[in-house]
Amino acid sequence: MAADMPGTPFATCIYAVLDPAEGECVFARAGHLPPVITAPGEDTMVIDLPVGLPLGLGSASFEAATVKLSAGATIALYTDGLVESRSRSFDCGVGALCAALERSAGPLGEVCETITRELQLDSEDDVTLVLARVPAARSGTSSFPGGSPATPGRDGR
C-alpha cells in the first residue's frame, strides 16, 4: 500500500490495540515516534518499543510489545509536527508533550485540543495528536455501549 502512494515512497506507522478491560496495550512501530503514557500519580513515560522500518522500505517484520497500563492511564500518539520544528528539538518537544499531559485533565477531546494549541509552533509540518484513556475504574463490566468493543476492522453492526 505504501509503495502505491503518490510522491511518497514510504510512511511511518504506529499500531496500537488497547484492551481497557485488561489494562494493557499492544504496540507495533514502523519507523514512527514512540507513544507517551501518563497515569494519575505516576511519572509520564516515553515508551521504549522495538522500531521497525517505515512501511514501503522493503519487506520487514515488526515486533509487537505489550505494555501494562494503570487505571486512568492516557496514551498519546503523535506526529513529529507536534513535538519538533526548526526552533524546537525533538527531545524538548517530547518533554513539552509529557509536561502538558501531566497537567491536563478532563475529557480527551478538550485535552487534545488544548495540548495541540499549546505545542503547535507553526504550520511547517503536519500535526496530529491521538489520545486514548483506560477507564479509571475497572469493575469487570465493560464500559462500551452494547457490552464490548467492536472487533478491529469492523463497525460492530
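Residues numbered from 1 in each chain as written. Predicted model: local features only at pLDDT ≥ 70, side-chain atom pairs only at ≥ 80, totals over all residues. Heavy atoms only, no water.

Let us look at the confidence of the model for the protein. Confidence in the prediction for the protein averages 82 pLDDT; 80% of positions are at 70 or higher. Ignoring residues within four places in sequence, the model shows residues 140–157, a span with pLDDT below 50, making seven contacts including any to other chains. (pLDDT = per-residue confidence, 0-100. Contact = heavy atoms within 4.5 Å.)

Quick look at a nonpolar patch on the surface now. A cluster of nonpolar residues, Phe10, Leu53 and Leu57, forms a patch on the protein surface that exposes about 260 Å² of accessible area. Structurally, the position occupied by Leu57 is in the loop between β5 (51–52) and β6 (65–68). (Patch = residues over 30% accessible without salt bridge, like charges linked within 9 Å, V, L, I, M, F, W, Y side chains within 5 Å. Areas by Shrake-Rupley, 256 points an atom, 1.4 Å probe, with all protein chains shown as cover. Salt bridge = Lys/Arg side-chain N within 4 Å of Asp/Glu carboxyl O. Helix = DSSP H or I, 4+ residues; strand = E, 2+ residues; numbered from the N terminus.)

Further remarks concern the environment of Phe62. Tracing the backbone through its elements, the reader meets Phe62 in the loop between β5 and β6. The sequence separation of Phe62 and Phe27 amounts to 35 residues, and the corresponding C-alpha distance is 9.8 Å. Those residues in contact with Phe62 that lie beyond four places of it in its chain are Arg29, Ala30, Gly52, Leu53 and Leu55.

Below, the discussion takes up the pattern of salt bridges. Applying the stated criterion across every chain yields a total of two salt bridges. Between Lys68 and Glu24 there is a salt bridge, with its nearest N and O atoms 3.6 Å apart. Taken together, the positions of Lys68 in strand β6 and Glu24 in strand β2 (residues 24–30) put the pair 44 residues apart, joining distant regions of the chain. Between Glu118 and Arg103 there is a salt bridge, with its nearest N and O atoms 2.1 Å apart. Of the two residues, Glu118 sits in helix α3 (residues 108–119) while Arg103 sits in the loop between α2 (90–102) and α3, which places them 15 residues apart along the sequence. Taking relative accessible area as the criterion, Glu118 reaches 39% and is therefore assigned partly exposed. (Buried < 20%, exposed > 50% of the residue type's maximum accessible area, 1.4 Å probe, protein only.)

Here the focus is the nonpolar core. Buried together is how nonpolar side chains tend to be arranged in soluble globular proteins. Within the largest apolar cluster, 17 residues are counted, with the highest numbers of intra-cluster contacts made by Tyr78, Leu97, Ile115 and Leu129. Secondary structure elements with two or more residues in this core: β7 (74–78), α1 (80–83), α2, α3 and β8 (129–133). In terms of residues, this core owes the most to one element, α2, which gives five residues. In contact with Ile115, other than residues within four places in its own chain, are Leu82, Leu97, Ala100, Leu101, Ser104 and Leu129. Formed by 14 residues, the second largest nonpolar core is a distinct cluster that contains Cys25, Ala65, Leu69 and Val134. (Core = buried A, V, L, I, M, F, W, Y, C linked by side-chain atoms within 4.5 Å.)

Let's shift gears to α3. The end-to-end C-alpha separation of α3 is 16 Å, in line with the 16 Å expected for 12 residues at 1.5 Å each. Those residues of α3 that fall on the buried side of the exposure criterion are Val111, Cys112, Ile115, Thr116 and Leu119. Viewed end-on, α3 has its buried residues packed into an arc of 125 degrees, placing them on one side of the element. Exposed residues pointing more than 90 degrees away from the buried face of α3 are listed as Glu110, Glu113 and Arg117. The inward-facing, buried residues of α3 abut α1, α2 and β8. (Expected span 1.5 Å × (residues − 1). Arc of directions from axis to C-beta.)

Axis separation between α2 and α3 bottoms out at 10 Å; the angle between their running directions is 145 degrees. Taken as a pair, α2 and α3 cross one another with a handedness that is right-handed. In this structure, α2 uses Ala96, Leu97, Ala100 and Leu101 to contact α3, whose residues at the interface are Ile115, Glu118 and Leu119. Of the residues belonging to the contact of α2 with α3, the class tally is six nonpolar, no polar and one charged. (Axes fitted to C-alpha atoms, helices over the stretch in contact; angles between N-to-C directions. Left-handed = near helix turned anticlockwise from the far one by under 90°. Nonpolar A, V, L, I, M, F, W, Y, C, P; charged D, E, K, R; others polar.)

What follows concerns the sheet that holds strand β3 (residues 36–38). Taken together, the four strands give an open sheet; going across it, the order is β4-β3-β7-β8, and neighbouring strands pair in antiparallel fashion. Across the chains shown, the open sheet's two edge strands, defined by having one partner strand only, are β4 (45–46) and β8. Sheet strands in contact with α2 are β3, β4, β7 and β8, and its direction is about 25 degrees off that of β3. Sitting on the sheet, α3 touches β7 and β8, and the angle it makes with β8 is about 145 degrees. (Pairing = 2+ DSSP bridges.)

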